[in-house]
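Residues per chain, in single letters:
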Amino acid sequence: LMNICSVIVNTKPENAPKVKAILDKIDNIDVFGGVEEGRIIITIEDNGEKALSDQMAGLNDIEGVIDAVMVYHQEADDTTMEEEVV
């Protein structure tokens, strides 16, 4: 099974580029936008090393992050993850 969640990482707009650069270096995180507004949209995929809750908590430790809020979570097998979401 694979876990994936979407998260909004809130930061001041002036801190967002630095926060994005840190997020870009984390293997199981993908950044999708919102940098200009300071509401960085990311996904986190379960990497088997840390629970998603621990990874989410770690986002709050990044300098410049105000908070991180999960907006979606899915647990699925490989077949389900390959299906198109409509």
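Right above here is the structure, for reference.
All values derive from a computational prediction rather than experimental measurement.

Here the focus is the nonpolar core. In terms of nonpolar packing, the biggest core is built from 17 residues, with Val-7, Val-9, Leu-23, Ile-40, Ile-42, Ile-44 and Leu-59 touching the most fellow members. Elements represented by at least two residues in this core include exactly strand 1 (2–11), helix 1 (16–24), strand 3 (39–45), helix 2 (52–59) and strand 4 (65–76). Non-local contacts of Leu-59, meaning those with residues more than four positions away in its chain, are made with Val-7, Val-9, Leu-23, Ile-29, Ile-42, Ile-44, Val-65 and Ala-68.

Quick look at the environment of Ala-76 now. Note that Ala-76 resides in strand 4. Placed 75 residues apart in sequence, Ala-76 and Leu-1 show a C-alpha to C-alpha distance of 5.4 Å.

With that settled, the discussion passes to the sheet that holds strand 1. As summarised here, the arrangement of the four strands in space is 2-3-1-4, forming an open sheet in which the pairing is antiparallel. Only two strands of the sheet have a single neighbouring strand rather than two, namely strand 2 (29–33) and strand 4. Ignoring strand direction, the axes of neighbouring strands in this sheet form an average angle of 25°. In terms of strand pairing, strand 1 meets strand 4 through 10 bridges, oriented antiparallel. Bridge pairing links Thr-11 to Val-65 in strand 4.

Calculation notes
Residues numbered from 1 in each chain as written. Predicted model: local features only at pLDDT ≥ 70, side-chain atom pairs only at ≥ 80, totals over all residues. Heavy atoms only, no water. Core = buried A, V, L, I, M, F, W, Y, C linked by side-chain atoms within 4.5 Å. Buried < 20%, exposed > 50% of the residue type's maximum accessible area, 1.4 Å probe, protein only. Helix = DSSP H or I, 4+ residues; strand = E, 2+ residues; numbered from the N terminus. Contact = heavy atoms within 4.5 Å. Pairing = 2+ DSSP bridges. Axes fitted to C-alpha atoms, helices over the stretch in contact; angles between N-to-C directions.

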